[in-house]
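# A closer look at the structure
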Amino acid sequence: MVPVLELRKVNLSYEKKIFQDLNLKIYPGDKVVFIGSSGIGKTSLFKIILGFINDYQGEILFSGEKVSKQNIWKIRSQIAYIDQDVSFPEGKVTNFWEYVFSLKANQKIKPSLEERENIFTFLELPFSVLEKKSEEVSGGERQRLALAIALLLKRKIFLLDEATSSLDRKLKKKVVDYFLNQKSLTVLSISHDSEWLDTNKAKVFNLEQNKWQI
Amino acid sequence: MANITISYFNLAHSFLLLLIPIGLSLFFKLFLVKDVLYSVVRMSLQLILIGLFLKYLFKLNNTWINILWLAVMIVTAVFSAIKNSPLKWKKVFLPVFFSFFASVFIVVIYLNSFVLDLEKIFDARYLIVLGGMVLGNSMRGNIVGLSSVYEKIRDNQKRYFYLLSLGANVKEAIFPYVQSSVKLALKPTLAAMATMGIVSLPGMMTGTILGGASPELAVKYQIMIMLGILSSTTMSVVLSIVLTFPFCFDSGGLLKRDIFKEE
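Residues numbered from 1 in each chain as written. Chains lettered and ligands numbered in written order. Predicted model: local features only at pLDDT ≥ 70, side-chain atom pairs only at ≥ 80, totals over all residues. Heavy atoms only, no water.

### So, the sheet that holds strand β4 (residues 57–62) of chain A
Residue and element names in this part refer to chain A. Here is the rule: Strand pairing is assigned whenever DSSP identifies at least 2 bridges connecting the two strands. In DSSP terms, a helix is any run of H or I states spanning at least four residues, a strand is any run of E spanning at least two, and both are numbered starting from the N terminus. By the convention used here, residues are in contact when the closest approach between their heavy atoms is within 4.5 Å. Axis definition: a line fitted to C-alpha atoms, over the contacting stretch in the case of helices. Angles run 0 to 180 degrees between N-to-C directions.
Here we have 4 strands laid out as an open sheet, ordered β2-β1-β4-β5, and antiparallel in their pairing. Strands with a single pairing partner mark the edges of an open sheet, and in this sheet they are β2 (17–26) and β5 (65–66). Pairing between strand β1 (residues 5–13) and β4: 5 bridges, direction antiparallel. Within β4, the position partnered with Leu7 by the bridge is Ile60. Relative to the sheet, helix α1 (residues 42–49) contacts β1, β2 and β4, its axis offset from that of β1 by approximately 120°.

### So, the interface of chain A and chain B
Keep this limit in mind: Once two parts are put together, the accessible area they lose, assessed with a 1.4 Å probe and summed over both, is termed the buried area. The rule for a salt bridge is simple: a side-chain nitrogen of Lys or Arg has to be within 4 Å of a carboxyl oxygen of Asp or Glu.
Listed as interface residues are 30 residues of chain A and, on the opposing side, 22 residues of chain B. When the two sides are added together, the surface that chain A and chain B hide from each other amounts to roughly 2,200 Å², 58% of it contributed by carbon and sulfur. Of all residues in chain A, Phe52, Trp73 and Tyr99 of chain A bury the most surface against chain B, accounting for 27% of the area lost on that side. At the junction of chain A and chain B, the tally comes to 3 salt bridges. Among the ionic pairs, Asp250 of chain B bridges to Lys69 of chain A, the shortest N-O distance being 3.4 Å.

### Re the sheet that holds strand β9 (residues 203–206) of chain A
Residues and elements named next belong to chain A. Strand order across the open sheet formed by 6 strands is β6-β7-β8-β3-β9-β10, with mixed pairing between neighbours. The open sheet is flanked by β6 (79–82) and β10 (211–213), the only strands paired with a single partner. Each strand axis lies, on average, 20° off the axis of its neighbour in the sheet, ignoring direction. Pairing analysis gives 5 bridges linking strand β7 (residues 157–161) to strand β8 (residues 186–190), with the strands arranged parallel. When the bridges of β8 are listed, Leu160 appears paired with Ser189.

### Some points on the domain arrangement of chain A
Residues and elements named next belong to chain A. As a reminder, the rule being used: Note that the domain bounds reflect an automated or database-derived domain assignment. Each polar contact in these results corresponds to two N or O atoms within 3.5 Å; when the atoms are within protein, one needs to be able to donate a hydrogen and the other to accept it, and residues that are neighboring in sequence are counted only if both atoms are side-chain atoms.
Considered domain by domain, chain A is made up of domain 1 (1–78 + 156–214) and domain 2 (87–155). Between the C-alpha centres of domain 1 and domain 2 the distance comes to 24 Å. Counting each side, the surface lost to burial between domain 1 and domain 2 is near 1,300 Å², with a carbon and sulfur contribution of 64%. Of all residues in domain 1, the largest losses of buried area upon contact with domain 2 belong to Phe158, Leu171 and Lys174, amounting jointly to 32% of the total for that side. The salt bridge partner of Glu124 is Lys174, with a shortest N-O separation of 3.4 Å. Summed over the shared surface of domain 1 and domain 2, the result is 6 residue pairs in polar contact (both at pLDDT 80 or more).

### Thoughts on the packing of aromatic side chains
Counted only if it meets this: Each Phe, Tyr or Trp ring (for Trp, its six-membered ring) is paired with any other whose centre lies within 6.5 Å, and the angle between the two planes then decides the class: stacked below 30 degrees, edge-to-face above 60, tilted in between. Geometrically, a lysine NZ or arginine CZ counts as sitting over a ring once it is within 6 Å of the ring centre and also within 35 degrees of the ring normal.
Going through the model one piece at a time under the given rule, you end up with 30 aromatic pairs over all chains. Among the aromatic residues, ring-to-ring pairing joins Phe52 and Tyr81 of chain A together with Tyr150, Tyr160, Phe161, Tyr177, Phe245 and Phe249 of chain B into one connected group. Arg154 of chain B extends its terminal NZ or CZ atom over the ring of Phe260 of chain B, reaching a point 4.6 Å from the ring centre.

### Quick word on the packing of helix α6 (residues 124–155) of chain B against helix α8 (residues 170–195) of chain B
All names here are of chain B. Formally: The labels follow the angle: roughly parallel below 35 degrees, roughly antiparallel above 145, roughly perpendicular from 65 to 115, and oblique for the rest. Put simply, a crossing is left-handed when the front helix is turned counterclockwise from the back one by less than a right angle, and right-handed when it is turned clockwise. Ten residues, namely Ala, Val, Leu, Ile, Met, Phe, Trp, Tyr, Cys and Pro, are considered nonpolar, four, namely Asp, Glu, Lys and Arg, are considered charged, and the remaining ones, Gly among them, are considered polar.
It is the contact of α6 with α8, at a shortest axis distance of 8 Å, that shows an interaxial angle of 150°. With respect to their mutual orientation, α6 and α8 come out roughly antiparallel. Handedness of the α6/α8 crossing: right-handed. Taking contact as the criterion, the partners of Gly141, Val144, Gly145, Ser148, Val149, Lys152 and Ile153 in α6 are, on α8, Ile174, Tyr177, Val178, Ser180, Ser181, Leu184 and Ala185. A per-class count over the contact of α6 with α8 returns 8 nonpolar, 5 polar and 1 charged.

Right, here's the structure in full:
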């Protein structure tokens, strides 16, 4: 089977070395949790995969194809990404919602009202949040909105950077379980939460030691 | 109404007013004397020279020379706009120049031909004076608009990356930034228009009235020029952003680092 994502001897350094000779193979359907102390490059790794950082050495392959500036757009369109402190543009949330689903790349997947309702109910998110201004939305609501958008975009690969950190315990467990149990989804998550780690469904990669944790 | 002329001797009296800022600066140790004198000398010399220059320009009133002089004014305005933005002039001069040139010319030529009904559309008096007013305001709008759009993307990269990850192409990803930056750039002009006449008598009106015209005519000129300023500012800010962005992003959609001046 071809890995959906493969890193070959990837090096990244700024003032200090971020990571060195990082080798990693991730197969379709894998659930991987990345751990390591802060500053070790967990977020940078996600940014490299998405083409937001490109001054690294080494090779990255996506479904066997070498990642370049030309095919990065196609790759991004298959990945749902949630940043650790996700924020939306100024204005009403509903405008942003409309904007996301009117993008050329997403026009075909505009969710039905029913789909939207199901996701909002699942994430315990009231519809009224759409009428708020983006700067009035709380951290927990922002995460749930971002998760709702990510799920409705129906992409196959998820890069979740502390994407469940502000959810309460019960909801966090529900969301994490959802991601871990979807066989068709490839999920890469940065987290130190037990919901992600204390399970036999996810493999754990320690970036500090540059190896899989058993 | 009589047109009162000011002799150079009389004008010298106005320099006595400088005693107030200089006196206050000395008394309160504001250390502004040098700055005040520097600015006053520069202003006086520049205006006297430009006065002489315009006198000849108006007398000559040659279409091509008029256009050439307006082009010189535009180049200066473009440099000044870019100098006050975080961008390097080498990277964005051409697109900004084109956007200024197009918006100033379209607006001034429109006013000259359809509002003022001039026989000679490129008449020095109108082309250069109206062009200058429209240009100065467009420049201010561009400093705000260009700075805002690129600084916001640079300083809040996370949010920009998020839009890219959602599937936006560069055009779509910068769209929210363009919206808010154009709004920001137009705010001062819109606010000035909304209070005009009550808070301040605008410069052009003051000049026209002091020059001997009736307030009624002065008002007509003022309304015309404000509408011109509003449309050329909007047009130039939008064009500047739209035309600079192909130079400022790489093919992967990332903002190029080398478009910014070194901090």
